Amino acid sequence: MGVEAHATNERATGRTWTVRLDPVGRGRADVRVSCSRPACAAQVLPSAAVGRTAAVEHLKAHLRAGPAPRPSAYCACRAEECHTHIRPAGPRERPAPWRCGGAVVLAVVTDREGRWWRVMECCSRCAAAHPTAKIAATATATAPAPGRTAPADAFRAAAVSVPAVGPHFSHTASGAAAPHEVPAPRSERPQRPPRPTRQRARRGRIAQRFVPHELRPVALRDELTELGELFRAYQQRAEPDLAMLADLHARKAKAFRAWAEVTADTGLRLDAERAEQAAATARLQHLHRSGQAPEGDGPAVTRLLTASAQWNHARAVLTHVADHAPLPGPEARLLVVMLTLRTAQSGIGNLVGQDLKGLPLTDPEQLVGQLVESGWLDIAGTVDELIASRPESPTRIGVPSLTPDESDPGPFTFGRKMRPKLSGWAQRVVGEKKLRKAKTAADARLLALALATGVSLDGHLGPEGEGLPLEALASWCAVAPGELLELVDRLTATDWLTEVAVTDTVLTGRLTERVLPLSCPLT
């Protein structure tokens, strides 16, 4: 006993470390990825999606480089007196803590929101008690403790000690060995029928939830299990199918609502509502990408920007420019919009003279010079060289406030491929053919940008067609509120607006069918 107790005390405690994903600050999109191992420094990344990918890769690198689980390690869960394994107590029984057992494994445990990942060197029974645990590695050999014989060695020792004589029967008078027959070879013996294998009940999993085997009705249990398998199969697809995804979310919403009624679980009811919203969003995206009209009404609209995420990014750029415009006036505002879209992702871009000459600017040289003097814009060379530059030799420009660094990832979260799409959309709106032929000024084209990003799916101004506030539109166009009516008349004359009505505070109306492909609906 003393030897065994001493050996147990010398067992090393199981290793454990955590990789976390935390927000940098309130209202900011960037995140911090940190690891509890002392040699790992924290990283600041521009978005939660990028941070989650980096955290998972960091964890995989540790698992690849680290040693395998030690067969003699002391279970990390038991060493920390983990209380998550306590079984729920019935009305007449006490809660019993989970008992350790099985091979030592490296288990990766995460939360449902994907904010932290924890690696534990623990026993397989404790790993199985965690609903989100994934086994990364298993100890392949078990070393016997000092003073204790391994099971295989004990079996071999017992086999050696058996005397090599025949069996003795109790009715035999003498101690002589009774004659015995040599058994027939295995190939000549009658074959026994195979034992029936017990089929373990299939345990379903959907949305990080386990489907209880005792859930009734059975049809609901089978539907939840099948949905979990279908969602996992969809994630393995090479190409997305938004129509299929919408149907899966709709089935999930119906099944979760029935599950909530059976168990009276509020969390399941909330999950059902989120699934309904996801189904509606996926179905709407499918309609936009396939050029169909919502609910089959009206003509199909093929928009230049096809997804709601792109529409939101376009509105984010316009909002940022309105809040951080370095110079007053509509011409400066319009130029800042176009330059921001040229440099939004990295703070650096290329520009040629034709890009400036195509905008309705009275004096582009003077305006660019003012932006350079204010420190908002950097150019390689002089303003005259920028105006004279051609597509084969563009001028390098930079906007310091949009350049990301380690402490500030920048105001925008879209990627490199999204930036040219947004820039091309803005150029199409500002340089629209009828606006160009009518020689509309910068203030009217700013209003066209605002109206294109402030409509419902059918083109009516404002959410649900309620209209847009005049004060906000005048502030965006950098004009006085009294000048806004003239701009509205210009857009109506160029076949941008129809059914216009203006009150003291709100502008209502609808974009014409001609310009609906340039719109970014409010969803």
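See the structure printed just above.
Residues numbered from 1 in each chain as written. Predicted model: local features only at pLDDT ≥ 70, side-chain atom pairs only at ≥ 80, totals over all residues. Heavy atoms only, no water.

Visitor: Just checking my understanding: could you explain the side chain of Arg510 for this structure?
Guide: As for its placement among the helices and strands, Arg510 is situated in strand 14 (residues 506–511). Of note is the side chain of Arg510, whose polar atom sits 3.2 Å from the side chain of Glu499. Apart from the residues lying within four places of it in its own chain, the contact partners of Arg510 are Asp458, Gly459, His460, Leu461, Trp496, Leu497, Thr498 and Glu499. (Helix = DSSP H or I, 4+ residues; strand = E, 2+ residues; numbered from the N terminus. Polar contact = N/O pair within 3.5 Å; in protein donor to acceptor, adjacent residues only side chain to side chain. Contact = heavy atoms within 4.5 Å.)

Visitor: Before we go on, may I ask you to explain the packing of helix 9 (residues 308–324) against helix 14 (residues 418–430) in this structure?
Guide: To characterise two packed helices, one gives the angle between the axes of the helices and the distance between these axes. The contact between helix 9 and helix 14 brings their axes to 11 Å, and the two run at 70°. The orientation of helix 9 relative to helix 14 falls into the category roughly perpendicular. Relative to helix 14, the crossing made by helix 9 is right-handed. Residues Gln310, His313 and Ala314 of helix 9 touch helix 14, and the partners they reach there are Met418, Lys421, Leu422 and Trp425. (Axes fitted to C-alpha atoms, helices over the stretch in contact; angles between N-to-C directions. Parallel < 35°, antiparallel > 145°, perpendicular 65-115°, else oblique. Left-handed = near helix turned anticlockwise from the far one by under 90°.)

Visitor: Looking at this structure, I do not really get the side chain of Lys252. What am I missing?
Guide: Mapped onto the elements, Lys252 comes out in helix 7 (residues 242–263). For the buried residue Lys252, which engages in no salt bridge, the nearest side chain bearing the opposite charge is Asp271, 6.4 Å off. Each residue touching Lys252, except ones within four places of it in the same chain, is listed here: Ile206, Ala207, Leu227, Phe231 and Ala275. (Buried < 20%, exposed > 50% of the residue type's maximum accessible area, 1.4 Å probe, protein only. Lys, Arg positive; Asp, Glu negative; His and termini not counted. Salt bridge = Lys/Arg side-chain N within 4 Å of Asp/Glu carboxyl O.)

Visitor: How do you make sense of the sheet that holds strand 14 when you look at a structure like this?
Guide: Paired through backbone hydrogen bonds, the strands of a sheet run either parallel or antiparallel to each other. With antiparallel pairing, the three strands of this open sheet are ordered in space as 12-14-13. Here the strands that pair on one side only, and so sit at the sheet edges, are strand 12 (468–469) and strand 13 (497–502). The pairing of strand 13 with strand 14 spans four bridges and is classified as antiparallel. By the bridge assignment, Thr498 is partnered in strand 14 with Arg510. Running at roughly 160° to strand 13, helix 18 (residues 484–493) makes contact with strand 13 and strand 14 of the sheet. (Pairing = 2+ DSSP bridges.)

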